[in-house]
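Structure at a glance
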Amino acid sequence: SHTPAVPNGKDHKFNPDFTAAVINATGPKASPRVRQLTASLIQHLHDFARENELTVDEWMEGVELMNAAGRMSDSKRNEGQLLCDILGLESLVDEITYKLAASAPDHPTATAILGPFYRHNAPLLPNGACIVSPEINAQGDRTWMHGTVTDFVTGKPIEGAVVDVWHTAPNGLYEQQDPEQPEMNLRGRFRTGKEGEYGFYCLRPVPYPIPYDGPAGKVLKALDRHPYRPAHIHFLLSAPGYKPIVTQIFDRQSKYIDDDAVFAVKDSLIVDFVPYQGDPKADFELPYDFKMASF
Ligand code: MBD
Ligand code: FE
C-alpha cells in the first residue's frame, strides 16, 4: 500500500523538510502567481511558528481573532481590512504597488490607503455643491475645497475626471457607522470641467478613533496602542486613459499627524486649511490640485 511521505507520516514537523513537503503539495494547475504567493506564505507562517514556538492556544487565539473579524466584515464594519491597517499592511502594499509612480520626477499625486469605509455610487453632484447635510454643516468648520486635475507630464487639464470624496462627521463617524446621518452624507462625486477644475463644500475634518470595540481594538489594547487617526479626507480619482488614484489628504494642524493608527500619512499629502473671508458659506478654503499619470 501507499506510504505517505512527509508531511502526513513523520513526527518531525520542526524539520524544514516538513515545510517543503507542504509547499510541494501544490498541484500543477495552480497558477504561477498563486504558487509563488502561497509557497512564500507557508514558508513565513511555518518559520513564524517555529521561531516563536507558537502554542496551540496562541494559534487558536489568532484563529478566533480572524473569525471575529470575518463575522464583522460587512460594508459597515470591514474588520479584516482594519486588522491589516493597524498592522501597517495596507500602507505597505500601497507603497509597493505605487512606488514607481511616486518616484517619477514631478510625480503624480501620491497614493494612500483606501480604508474600510469607501462606498460605491456616492451621489454625482455638480461642482459648487455641498456634501454636508444642513444639520451637520452647522456643527463643523465649513470648507470650500477646490482645485484642478492635470496630467502630471504635460501639465494639461484633464476634463471629465471624477473626484470621489468621503470623510467623517464632527462626531468622528462615517455616514454608514452613524444612524443619525442621512444616507451618503459627506460623500460625493464631482466631474472636472474644461480647465480640469472641481470644487465643493465639505467640512474641515477632525481626528477620530478607528472602531476599537472589535478585534482590531482588542489587538490595539494588547499592543498598548491608541486607535486615533489624524483628520483626513479620502479621494478616489479616475479619468479615461489615466491610472486611478486612491489617496487621502491630512490636516497639518491635526493631532496624530505624526502618529496615525494605520500608518497612512505621507508628507506630500499634508495640507493647510486657510481661514476664508470671501464666502458666507465657508469658514475655510482648501485649495488642492491633483496630478494624474496616463496609462
Ligand atoms: C479610517 O477612516 C481609515 O481611513 C482607515 C484607512 C482605516 C480605518 C479608519
Ligand atoms: Fe478614513
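Residues numbered from 1 in each chain as written. Chains lettered and ligands numbered in written order. Predicted model: local features only at pLDDT ≥ 70, side-chain atom pairs only at ≥ 80, totals over all residues. Heavy atoms only, no water.

Quick look at the packing of helix α1 (residues 16-24) against helix α2 (residues 32-52)
The axes of two packed helices give the description: the angle between them and the distance between them. Stated precisely, the cut-off is as follows: Interaxial angles span 0 to 180 degrees and are taken between N-to-C directions of axes, which are lines fitted to C-alpha atoms, for helices over the stretch in contact. In this text, helices come from DSSP runs of H or I with a minimum length of four residues, and strands from runs of E with a minimum of two, each type numbered from the N-terminal end. We call two directions roughly parallel when the angle between them is under 35 degrees, roughly antiparallel when it is over 145, roughly perpendicular when it lies between 65 and 115, and oblique otherwise. By definition, turning the near helix anticlockwise from the far helix through less than a right angle yields a left-handed crossing, and turning it clockwise yields a right-handed one. Only heavy atoms enter the contact rule, under which two residues are in contact if any of them lie within 4.5 Å. Side-chain classes are defined by residue name, with Ala, Val, Leu, Ile, Met, Phe, Trp, Tyr, Cys and Pro counting as nonpolar, Asp, Glu, Lys and Arg as charged, and the others, Gly among them, as polar.
At their nearest, the axes of α1 and α2 sit 9 Å apart, and the two run at 150° to each other. The angle between α1 and α2 places the two elements in the roughly antiparallel class. The way α1 lies across α2 gives a crossing that is right-handed. The residues of α2 that touch α1, namely those facing Pro16, Phe18, Thr19, Val22 and Ile23, are Ala39, Ile42, Gln43, His46 and Arg50. Of the residues in the contact of α1 with α2, the class split is six nonpolar, three polar and one charged.

Re the coordination of the iron ion (ligand 2)
Quick reminder of the rule: Only nitrogen, oxygen and sulfur atoms qualify as donors, and only when within 2.8 Å of the metal (3.2 Å in the case of Na, K and Ca); with water excluded, sites may look incomplete.
Tyr174 (OH), His232 (NE2) and His234 (NE2) make up the full set of protein donors to the iron ion (ligand 2), lying at 1.9 to 2.1 Å. Binding-site remark: the iron ion (ligand 2) is held by donors from one chain whose sequence spacing is Y-x57-H-x1-H.

Remarks on the site of ligand 1
Threshold: Here a residue is considered near a molecule or strand provided that any single heavy atom belonging to it is located within 4 Å of it. Here a polar contact means two N or O atoms within 3.5 Å. Within protein one must be a hydrogen donor candidate and the other an acceptor candidate, and residues neighboring in sequence count only if both atoms are side-chain atoms. Note on areas: Shrake-Rupley, 1.4 Å probe, and residue coverage restricted to the protein chains presented here.
As a structural note, the neighbourhood of ligand 1 is formed by 13 residues, with Tyr174, Tyr208, Arg229, His232 and His234 the closest of them. For ligand 1, an oxygen atom lies 3.1 Å from a polar atom in the side chain of Tyr174. At a separation of 2.8 Å, an oxygen atom of ligand 1 approaches a polar side-chain atom of His234. Taking 260 Å² as the accessible area of ligand 1 by itself, protein coverage stands at 100%.

Topic: the environment of Leu114
Let me state the cut-off plainly: For every residue, the accessible area (1.4 Å probe, protein chains only) is compared with the maximum for its type, and the residue is labelled buried under 20%, exposed over 50%, or partly exposed between those bounds.
The residue Leu114 is located in the loop between α5 (89-103) and β1 (124-125) in this model. On the basis of relative accessible area, Leu114 is assigned to the partly exposed category, the value being 27%. Separated by 131 residues in the primary sequence, Leu114 and Ile245 place their C-alpha atoms 9.8 Å from one another.

A closer look at the nonpolar core
Test applied: The definition of a nonpolar core used throughout is a set of buried Ala, Val, Leu, Ile, Met, Phe, Trp, Tyr and Cys residues joined through side-chain atoms within 4.5 Å.
Met145, Val149 and Phe235 are the most contacted members of the largest nonpolar core, which totals 48 residues. Per-element accounting of this core gives the leading share, four residues, to strand β5 (residues 197-204). Discounting residues that sit within four places of it in the chain, Val149 has contacts with Lys156, Pro157, Ile158, Ala161, Val163, Thr192, Gly196, Tyr198, Leu237, Phe290 and Met292. Phe117, Tyr174, Tyr208 and Val246 belong to the second-largest nonpolar core, a separate cluster that totals seven residues.

Quick notes on the side chain of Arg77
The topology assignment puts Arg77 in the loop between α3 (56-71) and α4 (79-86). Side chain to side chain, Arg77 and Asp213 meet in a polar contact 2.5 Å long. Not counting chain neighbours up to four residues away, the residues in contact with Arg77 comprise Met72, Pro211, Asp213 and Gly214.

Observations regarding α4
Summarising burial for α4: six of the eight residues are buried, a large majority. Turning to α4, its buried residues are Glu79, Gln81, Leu82, Leu83, Asp85 and Ile86.

Quick notes on the confidence of the model for the protein
Counted only if it meets this: Note: pLDDT gives the predictor's confidence per residue, expressed from 0 to 100.
With 93% of its residues at a pLDDT of 70 or more, the protein has an overall mean of 93. Interface predicted TM-score (ipTM) for the complex: 0.98; the corresponding pTM is 0.91.

Topic: the packing of aromatic side chains
Note the threshold: Within 6.5 Å between ring centres, the rings of Phe, Tyr and Trp (the latter by its six-membered ring) count as paired, and their orientation is classed by plane angle as stacked under 30 degrees, edge-to-face over 60, tilted in between. Should the NZ of a Lys or the CZ of an Arg lie within 6 Å of a ring centre and within 35 degrees of the ring normal, that charge is described as sitting over the ring.
This structure, assessed with the given rule, holds 10 aromatic pairs. Between Phe235 and Phe290, the aromatic rings sit 5.1 Å apart at their centres with planes inclined by 65°, giving edge-to-face as the arrangement. Linking Phe235 in strand β8 (residues 232-238) with Phe290 in strand β13 (residues 290-292), this pair joins segments that are 55 residues apart in sequence. Among the residues examined, Phe290 registers a relative accessible area of 0% and is labelled buried. Three or more aromatic residues link up through ring pairs in this structure, and these residues are Phe190, Tyr198, Phe200, Phe235, Tyr288 and Phe290. Across the ring face of Phe284, the terminal group of Arg204 is positioned such that the distance to the ring centre comes to 4.8 Å.

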